[in-house]
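# Observations on chain architecture
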Amino acid sequence: MDLQIVQAAFMLGFVAMAAGAFYFFMERGDLKPEHRSVGTYAAVIALIAAIMYYVMKDTVMFPGGMITVTEINATMPLRYIDWLITTPLLLVEFGLIVSLAGGAKAGMVTRLVIADLIMIVTGYLGEIGVVGSASNYIFFIISTLAWVYIIMQIMRVNISSGPAYAQRAVKTMRWFVIAGWAIYPIGTAIQQFMGIGGADITQAAAIAAVIYVVADVLNKVGFGMIAVSAAKKA
Ligand code: RET
């Protein structure tokens, strides 16, 4: 794969997130005042990602357009800065739609956010170590357990008392957190194993970078569209 595709993917990430942020900002005005924060969260999340992708596309742009694994890996901390801020916000956004569905549970969002921060911080620690080292495995496992805890918590909320459109939105958003979020640990695992197996890590890093862009657009803009459309019906 031509490594230039990574830069193209980051540009795509930038425009998709910028368009998403603008769209959510406009939609916000169509919501009842008490539901506007759904649009605000969705817009802020997309805006943060747009800024990070703008930086990332320049991080991989070297004189002459040369991209190597060094430049691709240099975007890894930027990705984690984005996730550190946006993933807790996505869970707060989820909590707002759970409330619409009548399933508000005391302390749920706080527990989700704490587990999420553990997931991201340990995930980062597991990526900066030596590929294949014991600490990388341990942090990867802790991070995965935190994600499993998040899934258990979001499956547990009882939304049977809310309107059908809100229940549907919560169910769809749960699938984002289960299937959409699964793309990240799978990508990380594949990259680590390819590294251990002595495969072409440059290609692995490039493929993972492109996959993360697609996953990010889905999990931020797609997720936000479900939330905002539910808030519109309220
Ligand atoms: C890591 C490390 C390995 C274990 C796990 C991970 C999970 C990452 C997730 C990221 C979600 C990102 C989102 C971004 C925004 O759209 C950190 C890769 C479980 C779930 C939703």
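Residues numbered from 1 in each chain as written. Predicted model: local features only at pLDDT ≥ 70, side-chain atom pairs only at ≥ 80, totals over all residues. Heavy atoms only, no water.

- An unreviewed UniProt entry annotates the protein chain as Bacteriorhodopsin originating from Alpinimonas psychrophila.
- The record held by UniProt for the protein chain lists under Subcellular location (unreviewed entry) the comment "Membrane".
- The UniProt entry for the protein chain carries the following comment under Sequence similarities (unreviewed entry): "Belongs to the archaeal/bacterial/fungal opsin family." (UniProt positions renumbered as here; feature names shortened; annotations may be inferred.)

## Examining the site of the ligand
- In the vicinity of the ligand lie 17 residues, with Phe 140, Ser 143, Trp 181, Thr 188 and Lys 220 positioned nearest.
- Expressed as a share of its isolated accessible area of 540 Å², the protein-covered part of the ligand is 100%.
- For the shell around the ligand, the per-class residue count stands at 9 nonpolar, 6 polar and 2 charged. (Near = heavy atom within 4 Å. Areas by Shrake-Rupley, 256 points an atom, 1.4 Å probe, with all protein chains shown as cover. Nonpolar A, V, L, I, M, F, W, Y, C, P; charged D, E, K, R; others polar.)

## Looking at the nonpolar core
- The biggest cluster of nonpolar side chains holds 68 residues, and the ones touching the most others in it are Phe 10, Ile 72, Phe 94, Ile 97 and Ile 150.
- Take this core: its biggest share by element is 13 residues, from helix H8 (residues 201-233).
- Once you skip the residues sitting within four places of it in the chain, Ile 97 turns out to touch Val 38, Ala 166, Ala 169, Val 170, Met 173, Ala 227 and Ala 230. (Core = buried A, V, L, I, M, F, W, Y, C linked by side-chain atoms within 4.5 Å. Buried < 20%, exposed > 50% of the residue type's maximum accessible area, 1.4 Å probe, protein only. Helix = DSSP H or I, 4+ residues; strand = E, 2+ residues; numbered from the N terminus. Contact = heavy atoms within 4.5 Å.)

## Observations regarding the packing of aromatic side chains
- Scanning the entire structure with this criterion turns up 9 aromatic pairs.
- Between Trp 83 and Tyr 212 the ring centres are 5.9 Å apart and the planes differ by 90°, which places this aromatic pair in the edge-to-face class. Of the two residues, Trp 83 is situated in helix H4 (residues 76-100) and Tyr 212 in helix H8; the sequence distance between them amounts to 129 residues.
- Since its relative accessible area comes to 7%, Trp 83 is described here as buried.
- A connected cluster of aromatic rings, assembled from ring pairs, spans Tyr 80, Trp 83, Tyr 124, Tyr 184 and Tyr 212. (Phe/Tyr/Trp six-rings, centres within 6.5 Å; stacked < 30°, edge-to-face > 60°.)

## Overview of the UniProt feature "transmembrane region" (unreviewed entry) in the protein chain
- In this structure's numbering, the residues bearing the UniProt feature "transmembrane region" (unreviewed entry) are residues 6-26, 38-56, 80-100, 112-131, 137-155, 175-194 and 206-228.
- Counted over residues 6-26, helix gives 100% and strand 0%. Its end C-alpha atoms are 30 Å apart.
- With 100% helix and 0% strand, residues 137-155 has end C-alpha atoms that lie 27 Å from one another.

## What to know about the environment of Asp 116
- Residue placement: Asp 116 occurs in helix H5 (residues 108-128).
- Exposure remark for Asp 116: the relative accessible area of 0% places this residue in the buried category.
- Once the C-alpha coordinates of Asp 116 and Leu 91 are considered, the two residues, 25 residues apart in sequence, prove to be 8.5 Å apart.
- Beyond its immediate sequence surroundings of up to four residues, Asp 116 is in contact with Thr 87, Pro 88, Leu 91, Ile 150 and Trp 181.

## Focus: a nonpolar patch on the surface
- Among the surface-exposed residues, Ile 81, Leu 84, Ile 85, Leu 117, Val 121, Leu 125 and Ile 128 lie close enough to one another that they form a single nonpolar patch of about 530 Å² accessible area.
- Within the residue set of the nonpolar patch, elements represented by two or more residues are H4 and H5.
- The greatest single-element share of the nonpolar patch, amounting to 4 residues, is contributed by H5.
- Mapped onto the fold, Leu 117 is located in helix H5.
- Looking at Leu 117, the relative accessible area reads 33%, which means it is partly exposed. (Patch = residues over 30% accessible without salt bridge, like charges linked within 9 Å, V, L, I, M, F, W, Y side chains within 5 Å. Salt bridge = Lys/Arg side-chain N within 4 Å of Asp/Glu carboxyl O.)

## Description of helix H1 (residues 4-28)
- Its 25 residues place the ends of H1 36 Å apart at the C-alpha level, agreeing with the 36 Å of an ideal helix rising 1.5 Å per residue.
- Taken together, the buried positions of H1 are Val 6, Gln 7, Ala 9, Phe 10, Gly 13, Met 17, Gly 20, Ala 21, Phe 24 and Glu 27.
- Taken together, the buried residues of H1 touch helix H2 (36-59), helix H3 (69-74) and H8. (Expected span 1.5 Å × (residues − 1).)

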